[in-house]
Amino acid sequence: MTEQMVDERAAGDPGGRPDRRGLLVGLLAVLLAVLLAGHRVVPNVHGLGSLVDSVTPLLGLGVPPLALAALLRRSRRALLAVLLPALVWAALFGAAWLPPAAGTGPASIRVASQNLRSGNPDPAATVDALAGAGADLIGLQEVDDGDRVDAALGQRYPHRAAVSTVALWSRWPIRDSVGVDTGLGWDRALRAVVAAPQGDLVVYVVHLGSARAGHTVTRDETLAALAAKVRDDHASRLVVLGDLNTATTDRVFAPLTRLLNNAQADAGQGFGFTWPAELPVTRPDHVLYRGLTPTAAGVLHTPDSDHRAVTASFRW
C-alpha cells in the first residue's frame, strides 16, 4: 500500500479509496487560484467582469476555510493545493500591506474627500471630523444641505467652489472653478484652480455615475469622460478627489491609472476600503494625483455617512 493510500485511509476512508472531500477541497483551491489570477478575463457582460474585479481582494478570505478543511481531512494534496491561491493572492495584494515606500518629510498639502450621503441628518458633524483631521482642501459629494456645511466649515475654510451636489472647501483662494460634464446630463464634477502657497494646484471634485450589479454602463461612460478631461488637462500639479464608484482593481479604472497615481497605493497601507462605512468591503472613494510627492494616505471613519472619508498629504 502506498503512502498516499495510507494518508487517505487515515483521513477516514475505510476502503482505501481516494478521499473525495479532500479532492473537492483541492479542486476548489485550484479554481480559486485561477479566478484570482485571471479575474480580468472574466467577460464584462452586464458588469459581471467589473463585479468580479471589485471583489477580488476579498477572495483571499476563501483560503483559511479551505486550509482548515484540508487539515480536517488530513489530505496533503489538498493542503498543497490551498497554497496555490494563497501565493497568488499574496503576489497580487501582499504589497498593499507593506510599509509605504512614498516620500517622507513634512507635508505641504493635506486633502480629504467625503461622500456625505444624501439625506445626512448631521452633515456638520461629518465635515467637522474632516476639518479636525487637518485637511487644507475638502472635497465633498452628495451635498444637499450646503448651508449647514458652510456654517460648519466657513470660518476655517473661507474659500468655496460648488456645482450641483459636489463642492470644494479650501483654506487658500480659489482662482477659478467650472463645472465638468461627465455625460450624466448635468454637471456632477468641478474643476478648480487653488492658489496654494507654493503655486497653483488644479483640483477636481467628482461624483461619477452609480454602478450596480448588472448595470455599470453609466459609471463606465462617466469614468471614460473623466479620463478624457484629465488627459486634455495640461496642469502640472493636479489632484482628483471623489466618489468614483469604481474599485482600483476594476478593469475600467485603468484609463485613470494610466494618467494619474493613486495616493492610497503609494502612501497608504492596506486596501483602504471605504464602503459601506460600518463594514467596508470595497473602495469607490479615491485621491488621485500627479506632479506631487505623497507623504501619507488613509481612511477616516466619520459620523452619519455611509462612506468613510479618504485622506492624503503631499509634499510640493
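Scroll up a little and you will see the structure.
Cut-off values and rules
Residues numbered from 1 in each chain as written. Predicted model: local features only at pLDDT ≥ 70, side-chain atom pairs only at ≥ 80, totals over all residues. Heavy atoms only, no water. Phe/Tyr/Trp six-rings, centres within 6.5 Å; stacked < 30°, edge-to-face > 60°. Helix = DSSP H or I, 4+ residues; strand = E, 2+ residues; numbered from the N terminus. Buried < 20%, exposed > 50% of the residue type's maximum accessible area, 1.4 Å probe, protein only. Right-handed = clockwise from strand over helix to strand, strands pointing away. Pairing = 2+ DSSP bridges. Polar contact = N/O pair within 3.5 Å; in protein donor to acceptor, adjacent residues only side chain to side chain. Contact = heavy atoms within 4.5 Å.

Chemist: Explain the packing of aromatic side chains here, please?
Modeler: The description of an aromatic ring pair uses the distance of the two centres, along with the angle that the planes make with each other. The tally for this structure, following the rule as stated, stands at six aromatic pairs. Here Trp89 and Phe93 contribute two aromatic rings whose centre-to-centre distance is 5.9 Å and whose plane-to-plane angle is 55°, an arrangement assigned as tilted. Here Phe93 and Trp89 lie together in helix 5 (residues 76-93), a separation of four residues that amounts to about one turn. When the centroid spacing of 5.4 Å and the interplanar angle of 80° are considered together, the rings of Trp97 and Phe271 count as edge-to-face.

Chemist: Would you mind showing me how to read the pairing of strand 8 (residues 238-243) here?
Modeler: Along any regular strand the residues' side chains alternate between the sheet's two faces. Most of strand 8 sits out of view: six of its six residues are buried. For the handedness criterion, the β-α-β arrangement of strand 7 (residues 199-207), helix 8 (residues 217-232) and strand 8 is classed as right-handed. Where strand 8 lies against strand 10 (residues 285-290), six bridges are found, and the strand directions are antiparallel. Residue pairing across strands places Val239 opposite Tyr289, the latter belonging to strand 10.

Chemist: Would you mind going over the sheet that holds strand 6 (residues 189-196) with me for this structure?
Modeler: In any sheet, the strands associate via hydrogen bonds between backbone groups, in a parallel or an antiparallel arrangement. In spatial order, the strands read 5-6-7-8-10-9; together these six strands make up an open sheet with mixed pairing. On the outer flanks of this sheet lie strand 5 (174-179) and strand 9 (261-262), each paired with one strand and no other.

Chemist: Looking at this structure, I do not really get the side chain of Arg188. What am I missing?
Modeler: With respect to the helices, strands and loops of the structure, Arg188 is situated in the loop between strand 5 and strand 6. At a separation of 2.6 Å, a polar atom in the side chain of Arg188 contacts the main-chain carbonyl oxygen of Leu208. Aside from chain neighbours lying at most four places away, what touches Arg188 is Ser164, Thr165, Val166, Val180, Val205, Val206, His207, Leu208, Gly209 and Ser210.

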